[in-house]
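Observations on the three-dimensional arrangement
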Amino acid sequence: SQTIARPQFRELAASEFVDPESSRRFQGNPLLGDTTFKNYDARLEYFFGRDRFVTFGAFYKDIDDPIEEATNELDGRLRTGYIAAPKAELYGGEFEFRNRFEMPFDIPFIEGAEWLFTTNYTLSFSQVSAGDELIGSPFDAGALIPASTVFVATESDELVGTPRHIVNGQFGYQTDRSQFTVLANWVSERLARRGVGVPAVFERPGFNLDAVFRRNFDIGGNQYVLGLAGRNLLGVEANFFQNSEILGEVPIDRFERGRSFTASVTANF
């Protein structure tokens, strides 16, 4: 398949602005163009029952002009801009397993429940290639610079935002009236912002744990659904850092994402 991604308005705006949530300074790049993808995918699937399967997949993406976040320093503070690499490749493989089963022993209050286990693992590799092509500068609106001055001299030639490993897991049960699911996710370290004259910024997303519960019940002949959810139950922090030859790992932006809990009631008339 062939696909396209267009730059967002904030990525094109030449004026500098501040994100009120993170207090980060941003500057757009009016010379950004569309990103085009050539996608090649293959998948082998084997089903051994209802909603029970195992799959193996492989993918390769040939990317022209991928848009990335870049960072530099102005007045002693980091700011973020946007830049388009001439070309990039993204490839890897994926494994997924899903199974439904019944517990060999009874559990009070959820007798006869059907249990679900799902796991997914993605391994990906990426590489940006650049020569002496002229591209729009991320911090000098309208100016052209050689691509090699940004992409060849940086710490990593991987695509921004592409981790090497992604692991997802899901475990829970389902009955005629209720459903409970625990979701776990782990993402390995990844390049967050490419450095321009300063060290690149990396992100360590860490491990995330969520839980969701749903219960159907009737009142006065009407059907209702009670929903409860908890997000980021372990309270994992956002962790962005730079690598220094002298100081080692230097924290750049570290804050609590916070836990969130929601409750809802849906009525069907």
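Residues numbered from 1 in each chain as written. Predicted model: local features only at pLDDT ≥ 70, side-chain atom pairs only at ≥ 80, totals over all residues. Heavy atoms only, no water.

**Comments concerning the sheet that holds strand E19 (residues 248–256)**
By definition, the strands of a sheet pair up through backbone hydrogen bonds, in either a parallel or an antiparallel sense. To keep things clear, this is the line we draw: Note: two strands are recorded as paired if DSSP finds a minimum of 2 bridges between them. By the criteria applied, helices consist of DSSP H or I runs no shorter than four residues and strands consist of E runs no shorter than two, each listed in order from the N terminus. Note on geometry: axes are C-alpha line fits, over the in-contact stretch for helices, and angles between N-to-C directions span 0 to 180 degrees.
With mixed pairing, the eight strands of this open sheet are ordered in space as E2-E3-E7-E6-E14-E15-E18-E19. What marks the edges here is a single partner per strand, and that holds for strand E2 (16–18) and E19. On average, each strand axis in the sheet is tilted by 30° relative to the strand beside it, whichever way the strands run. Alignment of E2 against strand E3 (residues 25–27), held across three bridges, turns out to be antiparallel. Paired with Phe17 across the strands is Phe26, a residue of E3.

**Some words on the sheet that holds strand E5 (residues 52–64)**
One open sheet holds the ten strands; their spatial order is E1-E4-E5-E8-E9-E12-E13-E16-E17-E20, and the pairing between them is antiparallel. Both outer strands of the open sheet, strand E1 (2–5) and strand E20 (260–268), are each paired with one neighbouring strand and no more. Ignoring strand direction, the axes of neighbouring strands in this sheet form an average angle of 15°. Bridge count for strand E16 (residues 206–219) against strand E17 (residues 222–231) is nine bridges, and the pairing is antiparallel. Within E17, the position partnered with Ile219 by the bridge is Asn222.

**Quick look at the pairing of strand E14 (residues 190–195)**
To be explicit about the condition: A simple rule labels every residue: compare its accessible area, found with a 1.4 Å probe on the protein chains alone, to the largest value its type can have, and call it buried under 20%, exposed over 50%, or partly exposed in between.
Where burial is concerned, most of E14 is hidden: five out of the six residues are buried. Of the strand pairs in this sheet, strand E6 (residues 67–74) and E14 are connected by two bridges, and their pairing is parallel. Following the sheet pairing, Thr71 is matched in E14 by Gly195. The pairing of E14 with strand E15 (residues 201–203) spans three bridges and is classified as antiparallel. The residue of E15 that forms the bridge with Leu191 is Phe202.

Shape is all these values report; function is a separate question.
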